[in-house]
Amino acid sequence: MAGSYGGKQAGPLPPGVADFYSDTKSLPSREMRQAALDAPLGDEQKGEDPTTTEFLTRVAALLGKEDALFMPSATMANEIAVAVHCRPGDEMICERSSHIVNFEGGGPGYLAGVQTHVLDGVNGMLSPDQVAAALRPKGNLYIPETSLVAVEQTANMGGGAVWPLEALRGVAGVAAAAEVSTHMDGARLMNAVVKTGTAAATYAEGYDSVTLCFTKGLGCPFGAVLAGSAEFIQRVWRLRQLIGGGLRQSGFMAALCLYALDHNVERLADDHRHAAQIAAALEDLELVAAVLPTETNIVIFDISSDGPAAAELVAELLERGFLVGAFGERRIRIVTHLGVDQDDTDRLCDVLATLLTPR
């Protein structure tokens, strides 16, 4: 599941490269940066930072939760949620391709002593029946206890798939009936909101905790929020402090996220449109074996056995001024965001047509 490169990249990309590798590559606009300069500040750990307080109050209401806490990253938010909901030796249920399983460094096991029970869903999504069948019976001394069910909205490696509301509520209902906690990794939740018109709080209903990330399609350089009940967030505070995530004048960073809420949510529709254009172009190419359904800003496709390997295509595209990710021997991921525009999208479609058509 790993991408084509990680933290050991030798240096910046060549000038002029259109970066479709991930929406985490989006850069803050000058206007967003300006919003931070005059933000009122104070000590967040003492509850004295007015900008952070305003931001968290707004996000808690957006997600329909009692309280929320600012985090450096969505990964930290997810991992703290796991540690609060579970005890060492417990088990959590999640889909095999989920971010928590594949892209958080084995955090549940290392940080919380929790093992993952992975299920094979469809495009990153599970059915209530699957979850019900995976729940462990309580009271058995020899098996781990299921303490958490985690879902990802949208499903990253499912091609940015949007969980239907009925499926989300079905999974949450199965967990609640078994007295098992639920967590939503809503890193790209606002993509689902913009795509469907369903409110974030409606999607989050029935989930004990929710992560919302601001460094992807919302375009911030920093920040995520973990939301839940007031009692849950009190426990989150302690764990964030324990692992060194305590913040001081965080209003400087919260101001960036407030700007994103005001200016970068509705424009996610542009990213969805660009991704749909790329997916449609790929569908017609002879050397493309399959394209996952593209609902939001992520395009995932498989190259046929007659075409180049994924790593070869990545290298060819980089030579032509485009960065995408290889996520398997023949699988490619392309992600649209505010850092790539209509012209970049048009040019990428043209180059893909050249490289994935037999010569």
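Notes on the structure in this doc start here. Just so we're clear, the structure is a prediction, and the values are computed from it rather than from any experiment.

**A look at the overall build of the protein chain**
Okay, step 1: Helix and strand counts for the protein chain stand at 14 helices and 13 strands.
Okay, step 2: Its C-alpha atoms give the protein chain a radius of gyration of 20 Å, within 12% of the compact-globule value 21 Å for 359 residues.
Okay, step 3: For the C-alpha atoms alone, the extent of the protein chain along its principal axes is close to 60 × 55 × 40 Å.
Okay, step 4: Here the protein chain holds 359 residues, and 53% of them are scored as buried.
Okay, step 5: Contacts spanning at least 24 positions in sequence make up 73% of the contacts within the protein chain whose residues lie at least 6 apart.
Okay, step 6: Carbon and sulfur atoms form 52% of the exposed surface of the protein chain, whose accessible area is close to 15300 Å².
Okay, step 7: The centroid of the 27 positive side-chain charges in the protein chain is displaced by 4 Å from the centroid of its 45 negative side-chain charges.

**Here's the deal with the packing of helix α1 (residues 30–37) against helix α11 (residues 251–263)**
Okay, step 1: At a closest axis distance of 8 Å, the pairing of α1 and α11 adopts a crossing angle of 135°. Here α11 runs oblique to α1, going by the angle between their axes. Crossing of α1 against α11: the hand is right-handed. The segment α1 lies against α11, with Glu31, Met32, Arg33, Ala35, Ala36 and Leu37 engaging Phe252, Ala255, Leu256, Tyr259 and Ala260.

**Here's the deal with helix α3 (residues 74–85)**
Quick reminder: α-helices carry 3.6 residues per turn. Residues three or four places apart thus point the same way.
Okay, step 1: In a regular helix each residue adds 1.5 Å, so 12 residues correspond to 16 Å; α3 covers 16 Å between its end C-alpha atoms and thus fits that length.
Okay, step 2: Summarising burial for α3: 10 of the 12 residues are buried, a large majority.
Okay, step 3: For α3, every residue scored as buried is listed here: Ala74, Met76, Ala77, Asn78, Glu79, Ile80, Ala81, Val82, Val84 and His85.

**Points about the sheet that holds strand β8 (residues 224–228)**
Okay, step 1: The seven strands are arranged β2-β8-β7-β6-β5-β3-β4 in an open sheet whose pairing can be described as mixed. Edge positions in the sheet fall to β2 (67–71) and β4 (115–119), since each of these pairs with one other strand and no more. For this sheet the average axis-to-axis angle between neighbouring strands, irrespective of direction, equals 20°.
Okay, step 2: Note: strand β3 (residues 91–95) against strand β5 (residues 146–152), three bridges, orientation parallel. What sits directly across from Ile93, in β5, is Val149.
Okay, step 3: The strands touched by helix α7 (residues 165–177) are β5 and β6 (181–186); relative to β5, the strand with the most contacts, the crossing angle is about 175°.
Okay, step 4: Running at roughly 20° to β2, helix α10 (residues 230–242) makes contact with β2, β7 (209–213) and β8 of the sheet.

**A closer look at the side chain of His272**
Okay, step 1: Mapped onto the fold, His272 is located in helix α12 (residues 268–283).
Okay, step 2: On the accessibility criterion, His272 (8% relative accessible area) is buried.
Okay, step 3: Ignoring any residue separated from it by four or fewer positions in sequence, one finds His272 in contact with Asn191, Val194, Lys195, Glu295, Thr296 and Asn297.

**Focus on the sheet that holds strand β9 (residues 288–291)**
Okay, step 1: Strand order across the open sheet formed by four strands is β9-β10-β13-β12, with antiparallel pairing between neighbours. One side of each edge strand has no neighbouring strand; the edge strands of this open sheet are β9 and β12 (325–326).
Okay, step 2: In this structure, β12 lies alongside strand β13 (residues 331–335), joined through two bridges in antiparallel fashion. Across the sheet, Gly325 pairs through a bridge with Arg333, a residue of β13.

**Remarks on the nonpolar core**
Okay, step 1: Core analysis: the largest hydrophobic core is formed by 58 residues, its most contacted members being Phe55, Leu189 and Phe214.
Okay, step 2: The leading source of residues in this core is α11, at eight residues.
Okay, step 3: With sequence-adjacent residues up to four places away left out, Leu189 is seen in contact with Leu63, Gln153, Thr154, Met184, Ala200, Tyr203, Val210 and Leu212.
Okay, step 4: Ala279, Leu282, Val288 and Val351 belong to the second largest nonpolar core, which has 29 residues in total.

**Remarks on the packing of aromatic side chains**
Okay, step 1: Per the counting criterion, the structure on display carries five aromatic pairs.
Okay, step 2: An angle of 75° between the planes, with centres 6.0 Å apart, marks the rings of Phe70 and Phe222 as edge-to-face. On the criterion of sequence distance, the pair formed by Phe70 in strand β2 and Phe222 in the loop between β7 and β8 is long-range, its members being 152 residues apart.
Okay, step 3: Taking the relative accessible area as the measure of exposure, Phe70 reaches 0% and is therefore buried.
Okay, step 4: Consider the rings of Phe103 and Phe327, whose centres lie 6.4 Å apart with planes at 80°: the pair is edge-to-face.

**Description of the pairing of β3**
Okay, step 1: The element β3 is largely enclosed, with a buried count of five among its five residues.
Okay, step 2: Residue alternation in β3 divides its side chains into two sets, Glu91, Ile93 and Glu95 and Met92 and Cys94, and both sets are buried.

Conventions we followed
- Residues numbered from 1 in each chain as written.
- Predicted model: local features only at pLDDT ≥ 70, side-chain atom pairs only at ≥ 80, totals over all residues.
- Heavy atoms only, no water.
- Helix = DSSP H or I, 4+ residues; strand = E, 2+ residues; numbered from the N terminus.
- Rg over C-alpha atoms; globule rule 2.2 N^0.38 Å.
- Buried < 20%, exposed > 50% of the residue type's maximum accessible area, 1.4 Å probe, protein only.
- Contact = heavy atoms within 4.5 Å.
- Areas by Shrake-Rupley, 256 points an atom, 1.4 Å probe, with all protein chains shown as cover.
- Lys, Arg positive; Asp, Glu negative; His and termini not counted.
- Charge placed at Lys NZ, Arg CZ, Asp CG, Glu CD.
- Axes fitted to C-alpha atoms, helices over the stretch in contact; angles between N-to-C directions.
- Parallel < 35°, antiparallel > 145°, perpendicular 65-115°, else oblique.
- Left-handed = near helix turned anticlockwise from the far one by under 90°.
- Expected span 1.5 Å × (residues − 1).
- Pairing = 2+ DSSP bridges.
- Core = buried A, V, L, I, M, F, W, Y, C linked by side-chain atoms within 4.5 Å.
- Phe/Tyr/Trp six-rings, centres within 6.5 Å; stacked < 30°, edge-to-face > 60°.

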